[in-house]
Amino acid sequence: MTDVIEETHGVSRRAILSGTAAIGAGIVLADMATSQANAAPLTQDEIASLPRVKQEMVAPPFLPQHDQVATGGPKVVEVRFEIEEKLMIIDDDDTEIWALTFNGSVPGPMIVVHQDDYIELTLVNPASSALEHNIDFHASTGAMGGGELTLISPGEEAIFRFRATKPGVFVYHCAPGGVMIPYHVCHGMNGAIMVLPREGLSDGEGKAITYDRAYFVGEQDYYVAKDEDGDYLRYDTAGEDFADFLETAATLTPSHIVFNGAVGALTGDNALTAKVGETVLVIHAQANRDTRPHLIGGHGDHVWADGSFSSSPQVGLETWFIPGGAAGAMTYTFRQPGFYAYVNHNLIEAIMKGAAAHFQVEGEWNDDLMTQIKPPTAI
């Protein structure tokens, strides 16, 4: 892992420093949100003349390389998603699901742009797929979030563009129509996009909020059916479990609730990492069910539970609420080294279903914040 200040998890040193300078000049979040929201629409010729950048997708929990403060005016950000229907193991008992994915991961990749940038998405459904797919961006405006423009059969591709007018973090997901919408979403076909204010994040009072590392946690509920003996069923192809899914999902009781696709995906050797003194941004998305993130041993220093960067963040929270079909964000500056658990604080869902992640934090212990007066001894 590289030095976090130089370049870590998609965050550049220049972005951190420029963010401090820009917002330190006294820019207030409400003012910048208003000015950007009033940006004039561009003609097709004007859009065609904008700078174009290709954003290279990376698998969660990481974010693509990005600046926290925009440089220059709006850009056209090119993104490519290729659909992959793949067999995944989702727990320690080798339970299988035919996951429906964007770029092969659950959740799909995080996209990062700035307010008033344009996202030009190429969506590819290879001929090897069994199902139709599309994409609905909660960050977009019109045409069912782009779903009406992107419904593609196996062997087809579509390209569409939308302007990111609202700053915040937003869910995207497949929405091909009818009961196929929950079927696709509950088989992993969802992700998130972060639309940063052009001036970077702020506390709402003119003070910059910057981060040294950023992670994307996608919470996923699965509904895997069981046979008469109580064993999870297995299937040969994507879509084969459709009838069983409808019956199981109708109970509204998930078989699994996991972070980043599978039980243990962000624990043990896969634990998230940080150092004492570093500020970490966590984007948490749940495309279908409500969730209650909590960092055991820490707090939400700044929390945008509703995902809107137009709002001032709440401060010093123990647990926050993210409704189904939404994403939220928080920052925390680690003050103690050691082990932390980041969980959905419905503890049945965290411990028994799998909605948990771990942080391993390096640094020196601060006895002022906590110290052991007497170790466990017999009484």
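Not measured: the values here are computed from a predicted model. (Residues numbered from 1 in each chain as written. Predicted model: local features only at pLDDT ≥ 70, side-chain atom pairs only at ≥ 80, totals over all residues. Heavy atoms only, no water.)

### A look at the sheet that holds strand 6 (residues 111-114)
The test is simple: When DSSP locates at least two bridges between a pair of strands, those strands are taken to pair. Counting from the N terminus, the helices are the DSSP runs of H or I reaching at least four residues and the strands are the DSSP runs of E reaching at least two.
With respect to topology, 4 strands assemble into an open sheet ordered 6-11-10-8, the strand pairing being mixed. If you trace the sheet from one side to the other, it starts and ends with strand 6 and strand 8 (136-137), each paired once. Two strands pair when backbone bridges link them, and strand 10 (residues 168-173) and strand 11 (residues 190-196) are joined in this way by 6 bridges, in the antiparallel orientation. Within the sheet, the bridge partner assigned to Y172 lies in strand 11 and is G191.

### Quick word on the nonpolar core
Heads up, the condition is: The criterion is simple. A nonpolar core is a set of buried Ala, Val, Leu, Ile, Met, Phe, Trp, Tyr and Cys residues joined through side-chain atoms within 4.5 Å. For each residue, the accessible area found with a 1.4 Å probe, counting protein chains only, is set against the maximum for its type, and the residue is called buried under 20%, exposed over 50%, and partly exposed in between.
Formed by 36 residues in total, the largest nonpolar core has its most connected members in F81, F102, I135, F137 and I193. No other element matches the 4 residues that strand 4 (residues 76-89) contributes to this core. The next biggest cluster of nonpolar side chains, apart from the first, holds 25 residues, and it includes V217, V282, L295 and A326.

### Topic: unusual backbone geometry
Glycine aside, residues mostly have negative phi angles, and peptide bonds mostly take the trans form. The step from P60 to P61 runs through a cis peptide bond, and the omega angle for that step is 20°. The residue P61 is located in the loop between strand 3 (52-54) and strand 4 in this model. Put simply, V106 and P107 share a cis peptide bond, and its omega is 0°. Structurally, P107 is set in the loop between strand 5 (96-102) and strand 6. Phi is positive for N103, close to 65°, though the residue is something other than glycine. Owing to a relative accessible area of 31%, N103 belongs among the partly exposed residues under this scheme.

### Considering helix 5 (residues 242-249)
Stated precisely, the cut-off is as follows: This arc is built from the directions going out from the helix axis to the C-beta atoms. We call two residues in contact whenever any of their non-hydrogen atoms come within 4.5 Å of each other.
Those residues of helix 5 lying buried are F245, T248 and A249. For helix 5, the angular spread of buried residues about the axis comes to 90°, placing them on one side. Those residues of helix 5 that are exposed and angled more than 90 degrees off the buried face are A243 and E247. On the buried face of helix 5, the contacting elements are helix 4 (180-185).

### A word on the pattern of salt bridges
Stated precisely, the cut-off is as follows: Salt bridge criterion: a side-chain nitrogen from Lys or Arg within 4 Å of a carboxyl oxygen from Asp or Glu.
Under the criterion given, the structure shown has 9 salt bridges. For R234, the salt bridge goes to E96, with nearest N and O atoms at 2.6 Å. On the criterion of sequence distance, the pair formed by R234 in the loop between strand 12 (213-222) and helix 5 and E96 in strand 5 is long-range, its members being 138 residues apart. Given the relative accessible area of 17%, E96 is considered buried. Here D301 ties to R335 by a salt bridge, and the two come within 3.4 Å at their closest N and O atoms. Separated by 34 residues along the polypeptide, D301 in strand 17 (residues 300-304) and R335 in the loop between strand 19 (326-333) and strand 20 (338-344) bring together distant segments of the chain. Classification of D301 by relative accessible area gives buried; the value is 17%. Salt bridges sharing partners connect three or more residues here, namely R52, E78 and E120.

### Overview of the packing of aromatic side chains
What counts, and what does not: Under the pairing criterion, centres of Phe, Tyr and Trp rings, with the six-membered ring standing for Trp, must be within 6.5 Å; the plane angle then separates stacked pairs below 30 degrees from edge-to-face pairs above 60, leaving the rest tilted. Note on geometry: a ring has a charge over it if NZ (lysine) or CZ (arginine) is within 6 Å of the ring centre and within 35 degrees of the ring normal.
One pass over the structure, following the stated rule, counts 17 aromatic pairs. Aromatic side chains Y183 and F242 sit 5.3 Å apart centroid to centroid with 75° between the ring planes, which places their arrangement in the edge-to-face category. Here Y183 is found in helix 4, whereas its partner F242 is found in helix 5, with 59 residues between them in sequence. When its relative accessible area of 1% is taken as the criterion, Y183 is described as buried. What makes F242 partly exposed here is its relative accessible area of 25%. Over the ring of Y232 we find K226; its NZ or CZ atom is 5.0 Å from the centre of that ring.

### Let's talk about the confidence of the model for the protein chain
Let me state the cut-off plainly: The pLDDT value expresses, per residue, how confident the predictor is, ranging between 0 and 100.
Looking at the protein chain, the pLDDT average stands at 92 and 90% of residues meet or exceed 70. A low-confidence stretch, residues 1-8 (pLDDT under 50), is modelled with 18 contacts involving residues beyond four sequence positions or located in other chains. Every residue in residues 12-37 is under pLDDT 50, and counting partners more than four places away or in other chains gives 58 contacts.

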